[in-house]
Amino acid sequence: GESVGLHLPTLSVQEGDNSIINCAYSNSASDYFIWYKQESGKGPQFIIDIRSNMDKRQGQRVTVLLNKTVKHLSLQIAATQPGDSAVYFCAERSDTNAGKSTFGDGTTLTVKP
Amino acid sequence: DGGITQSPKYLFRKEGQNVTLSCEQNLNHDAMYWYRQDPGQGLRLIYYSQIVNDFQKGDIAEGYSVSREKKESFPLTVTSAQKNPTAFYLCASSTTTNEKLFFGSGTQLSVL
């Protein structure tokens, strides 16, 4: 069945370093991928998205890379700050299953001062 | 400010009781969703609605019911048939079903 998983449940980085959060997906029909950030006790917040016709997309301090060959997605955060500490989820959708996003279990990012 | 409002923030359910979680959005989004989140886990889809007066079951719809009488509102009822209701419930909306989700701040439901 479909699954979206993250490689590591926790990641700890030093403030100022770059962070890389990984995600593997199994549905080759997925064509839209999203990263969300969830702070404690709050709802997830959109960070960045990418469609399957692209392999890289950049935002402010964040970059998403998509490798469809190995079904792998990553989120890179540059110059990580204490405010980046949160749980990060990847999610995927396919046009053939519109309305149903599949979420991974999340990676908890901790930024050490 | 535009956004999604969930209420209450905390809710307690007694044995055999039905409870209703509120979700209102003023983003003019057509699609709305309900997700359940258990500790340390990702989000699982309960129900979603692409348009007023229409909704579809998600992956874990048993023990839940919804209605979509207005575009702005998508309440979720947790019925007594849901034997393990303790979880964090998240409502979301999107312009269409193939776009990013905007989430509310969640309702924590616990059983007394």
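About the cut-offs
- Residues numbered from 1 in each chain as written.
- Chains lettered and ligands numbered in written order.
- Predicted model: local features only at pLDDT ≥ 70, side-chain atom pairs only at ≥ 80, totals over all residues.
- Heavy atoms only, no water.
- Salt bridge = Lys/Arg side-chain N within 4 Å of Asp/Glu carboxyl O.
- Buried < 20%, exposed > 50% of the residue type's maximum accessible area, 1.4 Å probe, protein only.
- Pairing = 2+ DSSP bridges.
- Helix = DSSP H or I, 4+ residues; strand = E, 2+ residues; numbered from the N terminus.
- Axes fitted to C-alpha atoms, helices over the stretch in contact; angles between N-to-C directions.
- Contact = heavy atoms within 4.5 Å.
- Buried area = accessible area lost by both parts, 1.4 Å probe.
- Polar contact = N/O pair within 3.5 Å; in protein donor to acceptor, adjacent residues only side chain to side chain.
- Nonpolar A, V, L, I, M, F, W, Y, C, P; charged D, E, K, R; others polar.

A. Focus on the pattern of salt bridges. Inspection of every chain in the model, using the stated rule, returns 8 salt bridges over all chains. Its salt-bridge partner being Glu 39 of chain A, residue Lys 37 of chain A comes within 3.5 Å of it at the nearest N-O pair. Assessed through its relative accessible area of 14%, Lys 37 of chain A is described here as buried. Exposure remark for Glu 39 of chain A: the relative accessible area of 27% places this residue in the partly exposed category. In this structure, the salt-bridge partner of Arg 36 of chain B is Asp 38 of chain B, at a minimum N-O distance of 3.0 Å. Asp 38 of chain B matches Arg 36 of chain B in its accessibility class, with the two residues each being buried. One network of salt bridges, in which partners are shared, links Lys 37, Glu 39 and Lys 42 of chain A.

B. Just the sheet that holds strand β8 (residues 76-78) of chain B, in detail. Residues and elements named next belong to chain B. Spatially, the 4 strands line up as an open sheet ordered β1-β3-β8-β7, and their pairing is antiparallel. Two strands lie at the open edges of the sheet, namely β1 (4-7) and β7 (64-66), each paired on one side alone. Within this sheet the neighbouring strands show an average axis-to-axis angle of 20°, counted without direction. As defined by bridge partners, β7 adjoins β8 across 3 bridges and the pair is classed as antiparallel.

C. Focus on the pairing of strand β9 (residues 86-93) of chain A. Residue and element names in this part refer to chain A. In terms of residue burial, β9 counts as a mostly covered element, since 7 of its 8 residues are buried. The sheet contact formed by strand β4 (residues 32-38) and β9 spans 7 bridges and is antiparallel. Its bridge partner being in β9, Phe 33 is matched across the sheet by Glu 92. With 3 bridges connecting them, β9 and strand β11 (residues 107-112) associate as antiparallel partners. Looking at β11, one finds that Val 87 is bridged to Thr 108. Inspection of the sheet shows β9 paired to strand β10 (residues 102-103) by 2 bridges, in the antiparallel sense. Along β10, the bridge assignment pairs Ala 91 with Phe 103.

D. Seen up close, the interface of chain A and chain B. Taken together, the contact between chain A and chain B spans 19 residues of the former and 25 residues of the latter. Together, the buried faces of chain A and chain B total about 1,700 Å²; carbon and sulfur atoms form 48% of this surface. Counting across the interface, chain A meets chain B through 1 salt bridge. Inspection of the region where chain A meets chain B yields 6 residue pairs in polar contact (both at pLDDT 80 or more). Sort the elements by how many residues they give to the side of chain A that touches chain B and β4 of chain A lands first, with 3 residues. Residue composition of the side of chain A that touches chain B, by class: 7 nonpolar, 6 polar and 6 charged.

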